[in-house]
Amino acid sequence: MVTQATPTMSSTRLLRSYVNGGWHTATDEGVPLRDAVTGEVIARVSSTGIDMGAALEYGRRVGGPALRELTFHQRAALLKALASYLREHRDELYALSARTGATRSDSLVDVDGGIGVLFSYASKGKRELPNDTVYLDGPVEPLGKGGTFVGRHICTPLRGVAVQINAFNFPVWGPLEKFAPAFLAGVPSLIKPASQTAYLTEKLVELMLDSGLLPEGTLQLVCGSVGDLLDHVTDQDLVSFTGSAATAQRLRAHPTIVRNAVRFNAEADSLNCSILGPDATPGTAEFDLYVKQLVTEMTVKAGQKCTAIRRAFVPAELLDEVQQAVCERLSRISVGDPANPEVRMGALASLEQREEVRRSLKALSDAGRIVFGDPDHVEVADADAERGAFLSPVLLRADDPQRAEPHEVEAFGPVSTLLPYTSVEQVVDLAARGRGSLVGSVVTGDAEFARTVVLGVAPWHGRMLVLDADDAKESTGHGSPLPMLVHGGPGRAGGGEEMGGIRGVLHHMQRTAVQGSPKVLTAVGNAWVPGAPRSEGVHPFRKSLAELRIGDSVVAGPRTVTDEDIAHFAEFTGDTFYAHTDRAAAEANPLFGGIVAHGYLVVSFAAGLFVSPEPGPVLANYGLENLRFLTPVKPGDELTVTLTCKQITPRENADYGEVRWDADVTNAAGESVAKYDVLTLVAKENER
Ligand code: NAP
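Everything numeric here is computed off the predicted structure, so don't read it as measured data.

**Student:** Can you help me understand the UniProt feature "domain: Aldehyde dehydrogenase" (unreviewed entry) in the protein chain in this one?
**Tutor:** The UniProt feature table records "domain: Aldehyde dehydrogenase" (unreviewed entry) at residues 24-453. Helix makes up 39% of residues 24-453 and strand 19%, with an end-to-end C-alpha separation of 52 Å.

**Student:** Where do I start with the UniProt feature "domain: MaoC-like" (unreviewed entry) in the protein chain in this structure?
**Tutor:** When the UniProt feature table is mapped to this numbering, "domain: MaoC-like" (unreviewed entry) covers residues 550-661. End-to-end, the C-alpha atoms of residues 550-661 are 9 Å apart, and along that stretch the chain is 29% helix and 36% strand.

**Student:** Looking at this structure, I do not really get the side chain of D677. What am I missing?
**Tutor:** By secondary structure assignment, the location of D677 is in strand β30 (residues 672-683). The exposure class of D677 is buried, given its relative accessible area of 5%. At 3.4 Å, the side chain of D677 and the side chain of N626 are in polar contact. A distance of 3.0 Å separates polar atoms of two side chains, one belonging to D677 and the other to K646.

**Student:** Even after reading the chapter, I still don't get the site of the ligand, so can you show me in this structure?
**Tutor:** The environment of the ligand is made up of 25 residues, and the closest members are N166, S195, S244, T247 and E410. Here K192 contributes a side-chain N or O atom positioned 2.8 Å from an oxygen atom of the ligand. Here a nitrogen atom of the ligand and a backbone polar atom of A268 are 2.9 Å apart. Within the complex, the protein chains bury 81% of what would otherwise be the 900 Å² of accessible surface of the ligand. For the shell around the ligand, the elements supplying multiple residues, two or more each, are β11 (238-242) and α7 (245-252). Residue contributions to the shell around the ligand peak at three residues, all from α7. In the shell around the ligand, the residues fall into 12 nonpolar, eight polar and five charged. Structurally, the shell around the ligand is a two-domain feature, drawing no fewer than three residues from each of domain 1 (2-267) and domain 2 (273-482).

**Student:** So what exactly am I meant to see when it comes to the packing of helix α2 (residues 72-88) against helix α5 (residues 173-185) here?
**Tutor:** Packed helix pairs are characterised by how far apart their axes lie and by the angle those axes make with each other. Their axes nearest at 8 Å, the elements α2 and α5 cross at an angle of 150°. Accordingly, the angle class assigned to the pair α2 and α5 is roughly antiparallel. In this structure, α2 contributes F72, R75, A76, L78, L79, L82 and L86 to the contact, and α5 contributes L176, F179, A180, F183, L184 and A185. Taken together, the residues that form the contact of α2 with α5 break down as 12 nonpolar, no polar and one charged.

**Student:** Help me out: how do you make sense of the nonpolar core in this one?
**Tutor:** Burial of nonpolar side chains together is a common tendency in soluble globular proteins. One finds L15, L79, L86, L118, Y121, F179 and M208 to be the most contacted residues of the largest nonpolar core, which totals 60 residues. Put simply, the parts of the chain that give this core at least two residues each are β5 (41-45), α2, α3 (90-97), α4 (104-128), α5, α6 (198-210), β10 (219-221) and α15 (502-506). If we ignore the near neighbours within four places in the chain, the residues touching L118 are L79, L82, A83, L86, L176, F179 and A180. Among the nonpolar cores identified, the runner-up in size contains 44 residues, and L294, V314, C327 and F390 belong to it.

**Student:** Sorry, what's going on with the layout of surface pockets here?
**Tutor:** Once rolled over the atoms, a probe with the size of a water molecule shows which space is left empty. Space inside the largest pocket adds up to approximately 1,200 Å³. N626, K646, Q647, R660 and D677 are the residues nearest the centre of the largest pocket, which is lined by 38 residues in total. Where the lining of the largest pocket is concerned, the elements lending two or more residues are α4, β6 (135-142), β7 (150-157), β27 (618-629), β28 (638-650), β29 (656-666) and β30. With seven residues, the single largest contributor to the lining of the largest pocket is β6. The residue makeup of the lining of the largest pocket includes at least three contributed by each of domain 1 (2-267) and domain 3 (534-683).

**Student:** Hey, could you run me through the packing of aromatic side chains in this one?
**Tutor:** Where two aromatic rings form a pair, the distance of their centres and the angle of their planes describe that pair. Under the definition given, this model contains eight aromatic pairs. Measuring from ring centre to ring centre gives 5.5 Å for F170 and W173, while their planes differ by 65°; the resulting arrangement is edge-to-face. A residue is classified by how much of its surface remains accessible, and W173, at 9% relative accessible area, is buried. Aromatic side chains Y600 and F629 sit 6.1 Å apart centroid to centroid with 85° between the ring planes, which places their arrangement in the edge-to-face category. Note that Y600 is positioned in helix α20 (residues 599-610) and F629 in strand β27, a separation of 29 residues in sequence. F629 gets classed as partly exposed once you look at its relative accessible area, which sits at 41%.

**Student:** How do you make sense of the sheet that holds strand β25 (residues 535-536) when you look at a structure like this?
**Tutor:** By definition, the strands of a sheet pair up through backbone hydrogen bonds, in either a parallel or an antiparallel sense. Sheet architecture is open: six strands sit in the order β25-β26-β28-β29-β30-β27, paired in mixed fashion. Every interior strand has two partners, whereas the edge strands, β25 and β27, have only one. Relative to β28, strand β26 (residues 552-560) is paired through six bridges, and the arrangement is antiparallel. Of the residues in β28, the one forming a bridge with A556 is V641. Sitting on the sheet, α20 is in contact with β26, β27, β28, β29 and β30, with an inclination near 70° to β28.

**Student:** Would you mind going over empty space enclosed by the protein with me for this structure?
**Tutor:** The full count for this structure, using the stated rule, is four cavities of 30 Å³ or more. Of the volumes computed, that of the largest cavity is approximately 80 Å³. Lining the largest cavity we find Q164, E177, K178, P181, S240, N265, E497, E498, M499, G504, H507 and H508. Going through the elements one at a time, α5 and β23 (498-499) are the ones with two or more residues in the lining of the largest cavity. Top element by residues in the lining of the largest cavity is α5. It accounts for three residues.

Cut-offs and rules
- Residues numbered from 1 in each chain as written.
- Predicted model: local features only at pLDDT ≥ 70, side-chain atom pairs only at ≥ 80, totals over all residues.
- Heavy atoms only, no water.
- UniProt positions renumbered as here; feature names shortened; annotations may be inferred.
- Helix = DSSP H or I, 4+ residues; strand = E, 2+ residues; numbered from the N terminus.
- Buried < 20%, exposed > 50% of the residue type's maximum accessible area, 1.4 Å probe, protein only.
- Polar contact = N/O pair within 3.5 Å; in protein donor to acceptor, adjacent residues only side chain to side chain.
- Near = heavy atom within 4 Å.
- Areas by Shrake-Rupley, 256 points an atom, 1.4 Å probe, with all protein chains shown as cover.
- Nonpolar A, V, L, I, M, F, W, Y, C, P; charged D, E, K, R; others polar.
- Domains from an automatic or database assignment.
- Axes fitted to C-alpha atoms, helices over the stretch in contact; angles between N-to-C directions.
- Parallel < 35°, antiparallel > 145°, perpendicular 65-115°, else oblique.
- Contact = heavy atoms within 4.5 Å.
- Core = buried A, V, L, I, M, F, W, Y, C linked by side-chain atoms within 4.5 Å.
- 1 Å grid on protein atoms, 1.4 Å probe; cavity = no way out; pocket = protein on both sides within 12 Å on 5 of 7 lines; lining within 4 Å.
- Points joined across faces, edges and corners; volume = space filled by probe spheres on them.
- Phe/Tyr/Trp six-rings, centres within 6.5 Å; stacked < 30°, edge-to-face > 60°.
- Pairing = 2+ DSSP bridges.

Shown next, in the form of structure tokens:
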């Protein structure tokens with residue numbers, strides 16, 4: 001049944017899904033979902049009645065083409081507008097977030113963190129991707145001696161749907177961090193939130209759709225079970241999963257995913273570690289940072305963070321002091337209704353989740369003793385400790401770090417275990433026993449210790465934070481995945497890699513090696529390839545973006561470089577390096593064998609040759625890239641420069657854009673003496 005109505009949150013309403021262009025309400029009673037703080041039933045969830053195959057087909061047929069019509073920059077602009085829209089409406093998300101047990105600062109991480117990912121991808125898309133529909137990956141590769149056969153990698157969006165299965169703990173950030181790179185890549189999303197907190201994701205998706213910014217079919221939502229969804233995925237679809245390692249394992253082996261070699265990305269649980277350096281004794285800034293960070297990671301989101309510190313490695317001789325300091329700090333954490341501003345830690349997401357953590361704690365207690373907290377009892381402010389899913393922070397201490405449990409059992413709540421180590425080699429080995437983690441941290445003021453640990457444990461980690469007195473103030477902390485950095489980890493952590501800036505976008509695209517002539521590769525990539533035809537005529541600096549074409553070029557010169565030029569440049573700039581000024585020393589130089597011109601003199605002369613000086617559409621030169629000096633320039637050499645329009649990137653919200661030019665400076669023998677890209681800003685229209 002498809003309805004367009006937008007019902008209000010009543011006590012037992014069924015969450016809706018958004019599929020096939022409309023809101024769908026399940027055809028059965030569904031499963032009740034409870035407020036984490038009060039235990040009250042707030043909604044029911046079910047996906048019964050959804051035609052999953054049709055939903056995927058709708059995304060492919062309607063959403064995909066609509067997105068692929070847009071350039072990267074146009075998609076980025078929509079992401080930015082969407083982020084602003086959600087920011088204006090974030091109070092609606094905060095209100096529901098509190099019902100998941102989250103404090104206001106927990107909600108900040110989830111809600112504002114998620115919106116921040118949209119902003120970040122919008123900005124990266126605009127700065128790092130072309131205003132085009134194809135992404136060029138890496139340089140042109142020469143494949144033949146004559147220059148007529150070359151190769152280049154291009155990335156184009158997959159023609160399927162990104163199926164995004166999320167965990168319960170970040171009902172806003174989780175879907176948004178998957179949606180943003182998929183959207184930017186040009187791939188529609190189908191979001192499947194974890195049932196426990198799906199009411200918040202439902203609200204998020206409702207807001208996203210209400211914004212009116214997203215082309216139809218680019219965002220769908222399935223609340224409730226995935227049903228037979230995965231039976232319908234094809235070779236062009238992707239599945240991105242966040243959740244437990246056990247579910248990841250099951251989905252990875254799904255017959256349709258295996259048969260169709262569906263791209264599968266998993267972010268699973270992990271037993272992240274934090275290592276205190278031996279230098280960080282009590283009284284040092286690093287000791288305090290370690291203790292503070294551990295307590296933060298245990299209590300933010302009531303420890304329900306895939307990145308939280310589960311294993312706290314401490315030099316054996318500091319174990320007692322660290323334990324004492326952590327316990328003292330934990331004793332100041334007030335647990336209770338997140339609506340109370342004094343409360344520092346709210347509830348777990350559900351009573352089932354609390355039972356799950358208690359079960360894991362039993363297993364962990366075989367290897368260590370509890371030195372803070374009681375898993376069965378906690379004082380709570382303004383709430384019923386039993387009806388709400390409240391749990392005390394629990395710190396364990398395992399004096400034998402070789403026991404298996406701390407390295408294998410994840411208690412997905414406010415739980416951490418202190419473990420002693422006696423040498424850097426030992427702690428590296430112990431860290432690796434997590435068999436793959438999302439993140440690890442080292443807290444030390446000793447850069448050499450940090451290097452040994454980072455290089456030692458990096459193969460088991462997706463991200464490493466080194467915390468010390470220098471970066472503490474600005475540090476975003478152990479537990480915060482950042483959109484510009486890789487999020488994911490090897491092994492147990494799922495083997496996935498989400499976000500990481502443009503890496504996350506490319507994950508949704510197919511990389512293809514295209515071989516052909518420079519002319520064809522220029523046409524395919526919409527970027528000039530050396531050897532492709534060039535067109536000379538009106539000086540290209542006289543052309544606006546509307547008039548300029550890829551391949552437009554100017555050849556200027558020759559100009560002879562003299563002894564006087566080199567001496568003058570040396571004196572004028574102060575660059576009196578001996579190769580330009582001391583004949584005897586220059587002759588002894590094995591590379592030059594005599595006085596040579598400054599590379600910057602060559603570049604300056606080239607600019608003097610190719611520039612068209614009168615005011616016109618070229619507004620500014622904002623840099624050079626890939627500059628290489630290839631052949632020494634000696635007094636008497638004649639320089640000629642060929643400048644060719646290589647790539648045109650109009651800005652979406654400005655009356656100018658970027659133009660990248662290929663500059664090739666040659667000598668009289670036709671050898672390239674310098675090659676580089678010149679970057680300019682050019683007006684879209686000529687002012688006449
Ligand atoms: P989960 O039980 O594995 O569920 C994760 C998601 O998978 C939910 O949306 C769930 O839907 C769905 N799911 C479960 N069984 C499925 C099946 N057979 N087929 C298709 N989908 C299925 O994990 P969780 O309890 O929600 O999350 C907690 C775990 O996630 C922790 O272990 C934590 O470490 C990990 N986590 C990892 C990250 C990360 O970025 N690496 C982030 C957050 C959490 P239903 O809810 O409807 O069952």
